[in-house]
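Here is what each chain is made of, one letter per residue.
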Amino acid sequence: MKHIFLLRHAKTVRQVAADESDFDRPLTPRGVRACAIMGQFLRDQGIETVLCSPAARTRETLGRLAPHAGWDIARGRP
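Below, the structure is looked at part by part.

Criteria and thresholds
Residues numbered from 1 in each chain as written. Predicted model: local features only at pLDDT ≥ 70, side-chain atom pairs only at ≥ 80, totals over all residues. Heavy atoms only, no water. Salt bridge = Lys/Arg side-chain N within 4 Å of Asp/Glu carboxyl O. Buried < 20%, exposed > 50% of the residue type's maximum accessible area, 1.4 Å probe, protein only. Helix = DSSP H or I, 4+ residues; strand = E, 2+ residues; numbered from the N terminus. Contact = heavy atoms within 4.5 Å. Polar contact = N/O pair within 3.5 Å; in protein donor to acceptor, adjacent residues only side chain to side chain. Patch = residues over 30% accessible without salt bridge, like charges linked within 9 Å, V, L, I, M, F, W, Y side chains within 5 Å. Areas by Shrake-Rupley, 256 points an atom, 1.4 Å probe, with all protein chains shown as cover. Lys, Arg positive; Asp, Glu negative; His and termini not counted. Charge placed at Lys NZ, Arg CZ, Asp CG, Glu CD.

**Let's talk about the pattern of salt bridges**
Throughout the structure, instances matching the rule amount to 2 salt bridges. Taking the shortest distance from any N to any O, the salt bridge between Asp44 and Arg43 comes out at 3.4 Å. For Arg43, a relative accessible area of 43% corresponds to the partly exposed category. For Arg64, the salt bridge goes to Glu60, with nearest N and O atoms at 3.0 Å. Of this pair, Arg64 and Glu60 both sit in helix H2 (residues 56-69), 4 residues apart, roughly one helical turn. Residue Glu60 is classed as partly exposed on the basis of its relative accessible area of 23%.

**Description of the side chain of Thr61**
Tracing the chain through its elements places Thr61 in helix H2. The class of Thr61 is buried, set by a relative accessible area of 5%. With residues up to four places along the chain from it excluded, the contact list for Thr61 reads His9, Ala10, Leu27 and Cys35.

**Here we look at the side chain of His9**
Summarising the element assignment, His9 is placed in the segment before helix H1 (29-45). What makes His9 buried here is its relative accessible area of 16%. Within polar-contact distance, the side chain of His9 engages the side chain of Arg57 at 3.2 Å. In this structure His9 touches Arg25, Arg57, Thr58 and Thr61, once residues within four positions along its chain are discounted.

**Section: a positive patch on the surface**
On the surface, a cluster of positive charge is contributed by Arg8, Lys11, Arg14, Arg30 and Arg33. Along the chain, Arg14 falls in the segment before H1. For Arg14, a relative accessible area of 75% puts it in the exposed group.

Now the structure itself:
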């Protein structure tokens, strides 16, 4: 049976600078640490496909968890 996992971005800073949009919020140190744990979980689940928003926080989350999931995202797929 196939499964779909919906993954929210890792923990981000609450406030952005006045000249930044919500779209550009970076991850917190806690969020960065969580990426390793989530990446290992996704690897164990055998995830085959990832769809990711272009928001900075989602791209950073994907980039940080990908090595732990065993994905080479430079190729464009897990």
